[in-house]
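Survey of secondary and tertiary structure
Here's the letter readout for the chains.
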Amino acid sequence: MKKKIVIMMLALLAVAPTAWGQLYVDRTPKLKFGVTAGLNMTTMTVTRSTVRPYTERTRAGFAVGPTLSLFSPVGGFGGDLSALLDYRSAASKSGGSEPVKSVSMQFPLNLSYSLKTSDVAMPFIFVGPQMGINVGTVEHTMAFGIGSTTGHQMMRKWINEKKPVFSMNFGIGVRAMETVLVRLCYNMPLTKSGVFEQWDLETGESTRLGSGKIGAVQILISYLF
């Protein structure tokens, strides 16, 4: 009887590590630092039709900078915070003027929810606010002309907002091997990005022609260390 008990105890000791390994799941949230880079396809809306021709042809831009990513295996919730140098522009279809430009530091804070379909790739959705601060040239001269009523030489400008600009991100993505994030994002502007003004070069008077909001459709790739 004693021999049987000893044999059973030895068998349990032999099986225990394997059983524990199967029961144990790493549920520790993972905080990783990485680098993000991607492509911007500018979207721009304006308040008045008189300045719409300057924004009819959107141009490709870029976004690049560091990213901090948090992912929790429990429930698939996570998030990321980035500081991205962001370039966007739009121009006239006729090509007779300089493009509207925006160079800014963008700080997106996204919350995400992942579906663990496999250990290799996990699709996720995300949403979150974003704040942008202009770091490029504030004023961009777009065109010169002659005033129809005054006969004076006129100049039209795009003036980037000096205050922080706010927007929202919506998108989908894939987390691969917990080290690569690939995201398709729509950045929807909430506050105006700048204003259009017309200057009379003879009198020095200025007239506001309207305002604009600069958003983007983005393809972003992050590598996490």
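An account of the accompanying structure is given in this report. (Residues numbered from 1 in each chain as written. Predicted model: local features only at pLDDT ≥ 70, side-chain atom pairs only at ≥ 80, totals over all residues. Heavy atoms only, no water.)

Right, let's get into the overall build of the chain. Broken down by element type, the chain carries one helix and 12 strands. When the helices and strands of the chain are listed from N to C terminus, the series reads α-β-β-β-β-β-β-β-β-β-β-β-β. With 225 residues in all, the chain has 38% of them scored as buried. Contacts in the chain between residues at least 24 apart in sequence constitute 66% of all its contacts with a sequence separation of at least 6. As presented, the chain carries roughly 12800 Å² of accessible surface, and 67% of it is formed by carbon and sulfur atoms. (Helix = DSSP H or I, 4+ residues; strand = E, 2+ residues; numbered from the N terminus. Buried < 20%, exposed > 50% of the residue type's maximum accessible area, 1.4 Å probe, protein only. Contact = heavy atoms within 4.5 Å. Areas by Shrake-Rupley, 256 points an atom, 1.4 Å probe, with all protein chains shown as cover.)

Positioned with a positive phi, Met177 is a non-glycine residue whose angle comes to about 55°. Within the element layout of this structure, Met177 appears in the loop between β9 (165-176) and β10 (180-189). Met177 sits in the exposed class, given a relative accessible area of 52%. Here Glu178, not a glycine, exhibits a phi torsion of approximately 60°, which is positive. Within the secondary structure, Glu178 sits in the loop between β9 and β10. On the accessibility criterion, Glu178 (26% relative accessible area) is partly exposed.

This model, assessed by the stated rule, comprises five salt bridges. Two residues, Arg88 and Asp86, come together in a salt bridge whose shortest N-O distance is 2.7 Å. Neither residue differs from the other here; Arg88 and Asp86 are each classed as buried. Taking the shortest distance from any N to any O, the salt bridge between Lys192 and Glu161 comes out at 3.6 Å. One end of the pair, Lys192, is in the loop between β10 and β11 (194-200); the other, Glu161, is in the loop between β8 (153-160) and β9, and 31 residues separate them in sequence. A relative accessible area of 15% places Glu161 in the buried class. (Salt bridge = Lys/Arg side-chain N within 4 Å of Asp/Glu carboxyl O.)

Okay, the environment of Val74 next. By secondary structure assignment, the location of Val74 is in the loop between β2 (57-71) and β3 (77-82). It is 8.0 Å that separates the C-alpha atoms of Val74 and Pro29, two residues lying 45 residues apart in sequence.

Throughout the structure, instances matching the rule amount to five aromatic pairs. A centroid spacing of 5.3 Å and a plane angle of 80° characterise the contact between Tyr223 and Phe225, whose relative ring orientation is edge-to-face. Classification of Phe225 as exposed rests on a relative accessible area of 58%. Cation over ring: Lys157 sits above Trp199, and NZ or CZ is 5.3 Å from the ring centre. (Phe/Tyr/Trp six-rings, centres within 6.5 Å; stacked < 30°, edge-to-face > 60°. Lys NZ or Arg CZ within 6 Å of the ring centre and 35° of its normal.)

Just distances and angles here, no functional claims.
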